[in-house]
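# Coordinate inspection notes
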Amino acid sequence: MSGRTRILGIGATAAVAAALLGPGIAVALPGPVLRDASLGLPAIGVGATLSFAGRDDTVSLQVPVPKDMAPTALRGNLQIPAGAGRGWIDAESAGRILGRVEVPAGIPNAPISIPLAGVPVTDGAAQIRLHSHLAPLDDQWCAEDWSENSLTILDGAVDYTGNEAQPTTIDEFLPPVLTRLSIYVPPDPTRDESAAALEFGTAITARFANQSTAVDLRALDPGEALPTAAAWPLERQVVIAESDTVGAHLATSPAGVPVLTLSGRGDALLDQTRLLTSNLAEITAASTATAGTLDAAPMLAPTQTTLGDLGGSSLTATSTGRVTVTVVLDQTRLGRPSGDVRVHLIGNYTPLPSTQNGQLTVTAGDSVLDHWPVSSDGRIDRWIDVPDAALSRFTQLTVNLQVSGAMTCGSTQPVTLTVDPASLVTSTEQLPPTPGGFQALPQAMLPTVDVGLIDGSFENVRRALAVTTGLQHMTVTPMRPELVDLDEAVASGSPAILIAPDGGLPDSVRLPLARTGESTVTLTDLTGESPTQTVDVPSLQFGSVQAAWDDDRDRMLVVATSTGVPASVDRILDWLRADPKRWAALRGEALFQTGDREPVMVSAQQPPIGTGEGSTDSVRGVLIAGGVVLIVGLLAGAAALIGSRRQRQQRP
């Protein structure tokens, strides 16, 4: 009996993260990749958890394979549902079984190692299908409901054998797996060098949008043309420096590391940085190349797309009694803050016998968007309206088929539900964004964003790169940062990132969290829906990263600033880099840091008083306890409170 197939990873892409390789990494010191290296699944563009549904399911993986290396096994911890009897998982590729592991009966958790030796590798990737089969203890189909999850592999990693081949030509420079990109610029970079480094680092993050790649900006030693540091496994080093010589050149550093140098002046320097992320990189089979004008504009967001274009590839599930398919509406792939979202849901399901009936239901979170009875032809052709209040950055639509009527365990045939990836999705631009604050990012920054620095120092460029790559990490849709003067970024009508770690922003930049006097701090809902909260806090010094809607210019701002303590801004950015999931988990409008404490999130959008559960203010303000400044609104509390507010808004 065939199960459902889902594509869970695309190995040719990656994104920024502070953790070097993710779970399951076995490396100790910088240098070439060691034999029998192990890469956690997030490092190769696959989620850390692989979930199977029902008795029979298939998960498809695209595993990137560095040159001169080969995958040998997929390891992890197997979580086994209650009531499970015999079972197994096969690893298949190109029509043959690579290996099989038995599911141990009666054990809830067990280590697992699935053989992958001999898997064919094409264009730097191996295509692998994991096919699970699980039977209940009494061998009855409906003894247990495993429609959601039956088997789950946690903390997965792929073991490789071999030694990483070092690149000798430009087209080989970027490996299928990129664990770290180190961008070197002179210690006092020019504006053109800074602009090129920002665009290049962000573009590489977009190219490797599913991997946990770390992107660092580093300064060359004074008087040095190449870095002297050793390289981590699957790290690449790039030097961006102005020169009258225009081109891209592959050289060897004093540490024996291949380094790509990108040189030129003005637009010519930008063109060299764009070479490596363009299609032309694939044909530069030489150690030196020169790019002409490569200034292709980022793609604007379309008014309509499909579920397949939003990341849904194979949307099929099989079960008995109840079968569910989940599709994701990703605003970052829609390419803008979106509203008026409609889905033309196309699909089919197994027609039911005359002894059974059923109903199809489409939900978003706790909201039922539509429901209708099954039909004899088993076809789905229905427009679904998604209310703005139900939207988030990633909105899950659940299509559920509930079967009723005569069913007999062991003899009732399962039902298959399929949603066509060609189902159309239409939307319009929504300003101000819904939701707002950090949840409006990065879609409100696409396709181009101005970057304004209070000064052009190396440290400020490094801070700006931490923000742009952090935002890019959340989407495969490319975002292009454009370095402009701070005054231009403040006055323009484009989305903007403002880096002012010492403060000193113009009064026209209104922020949700701000010092408004020598001893007062205010928390303001810029939408005007909630009252401003003001607290007396003498001598409070703090840093923040804030997501603010600029109502005067109809654009989104991301601002990194402080009350004169730039170290607090750096602590926030370092905290975000330490876990690649933290950017996506942000809620509210401000991330606040003071002293040596971890950053906390705050929101000025409090729910109305007296509306039932959660009616307490989301943030009472700034409290002083023994000279220590605390802000109410930690991660879990802020997320739960904002979620409860959204649920109340959806109630009739």
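What comes next concerns the included structure. As the structure is a computational prediction, the values presented were derived from the model and not from experiment.

Below, the discussion takes up the pairing of strand β7 (residues 84–93). In terms of residue burial, β7 counts as a mostly covered element, since eight of its ten residues are buried. One ladder, built from seven bridges, connects β7 with strand β10 (residues 125–136); its direction is antiparallel. In the strand pairing of β10, Trp-88 is matched with His-133. Relative to strand β8 (residues 96–102), β7 runs antiparallel, the two sharing six bridges. For Glu-92, the partnering residue across the bridge sits in β8 and is Ile-97. Taken together, β7 and the strand that follows it, β8, pair antiparallel across an intervening segment of two residues, in which Ala-94 is found at a positive phi of about 55°.

Residue placement: Ala-440 occurs in the loop between β27 (424–429) and β28 (448–453). Taking C-alpha positions, Ala-440 is 8.3 Å from Met-556, a pair spaced 116 residues apart along the chain. Ignoring anything within four residues of it in the chain, the contact list for Ala-440 reads Pro-433, Pro-435 and Met-556.

Let's shift gears to the packing of helix α4 (residues 458–472) against helix α6 (residues 566–577). Packing of α4 against α6 leaves a shortest axis separation of 10 Å and a crossing angle of 35°. As for the relative orientation of α4 and α6, their crossing is left-handed in sense. Only Pro-566, Asp-570, Leu-573 and Arg-577 of α6 make contact with α4, whose side of the interface consists of Arg-462, Arg-463, Ala-466 and Val-467.

Let us now look at the pattern of salt bridges. One pass over the structure, following the stated rule, counts 22 salt bridges. In this structure, the salt-bridge partner of Asp-216 is Arg-218, at a minimum N-O distance of 3.6 Å. By relative accessible area, Asp-216 is classed as buried at 9%. The salt bridge partner of Asp-244 is Arg-265, with a shortest N-O separation of 2.7 Å. Of the two residues, Asp-244 is situated in the loop between β14 (235–242) and β15 (247–252) and Arg-265 in the loop between β16 (258–264) and α2 (267–275); the sequence distance between them amounts to 21 residues. Judged by relative accessible area, Asp-244 falls into the exposed class, the value being 67%.

In this section: the sheet that holds strand β32 (residues 520–523). Read across the open sheet, the three strands follow the order β31-β32-β33; overall the sheet is antiparallel. Here the strands that pair on one side only, and so sit at the sheet edges, are β31 (513–515) and β33 (533–536). Averaged over all pairs of adjacent strands, the angle between their axes in this sheet comes to 20°, without regard to strand direction. Pairing analysis gives four bridges linking β32 to β33, with the strands arranged antiparallel. Along β33, the bridge assignment pairs Thr-522 with Thr-534.

Below, the discussion takes up the environment of Arg-510. Within the fold, Arg-510 resides in the loop between β30 (496–500) and β31. In this structure Arg-510 comes out as partly exposed when scored by relative accessible area, which is 48%. Each C-alpha atom, one on Arg-510 and one on Leu-557, is 9.7 Å from the other, the two residues being 47 residues apart in sequence. Not counting residues within four places of it along the chain, the set of residues in contact with Arg-510 comprises Thr-524, Leu-526 and Ala-548.

Conventions and cut-offs
- Residues numbered from 1 in each chain as written.
- Predicted model: local features only at pLDDT ≥ 70, side-chain atom pairs only at ≥ 80, totals over all residues.
- Heavy atoms only, no water.
- Buried < 20%, exposed > 50% of the residue type's maximum accessible area, 1.4 Å probe, protein only.
- Helix = DSSP H or I, 4+ residues; strand = E, 2+ residues; numbered from the N terminus.
- Pairing = 2+ DSSP bridges.
- Contact = heavy atoms within 4.5 Å.
- Axes fitted to C-alpha atoms, helices over the stretch in contact; angles between N-to-C directions.
- Left-handed = near helix turned anticlockwise from the far one by under 90°.
- Salt bridge = Lys/Arg side-chain N within 4 Å of Asp/Glu carboxyl O.

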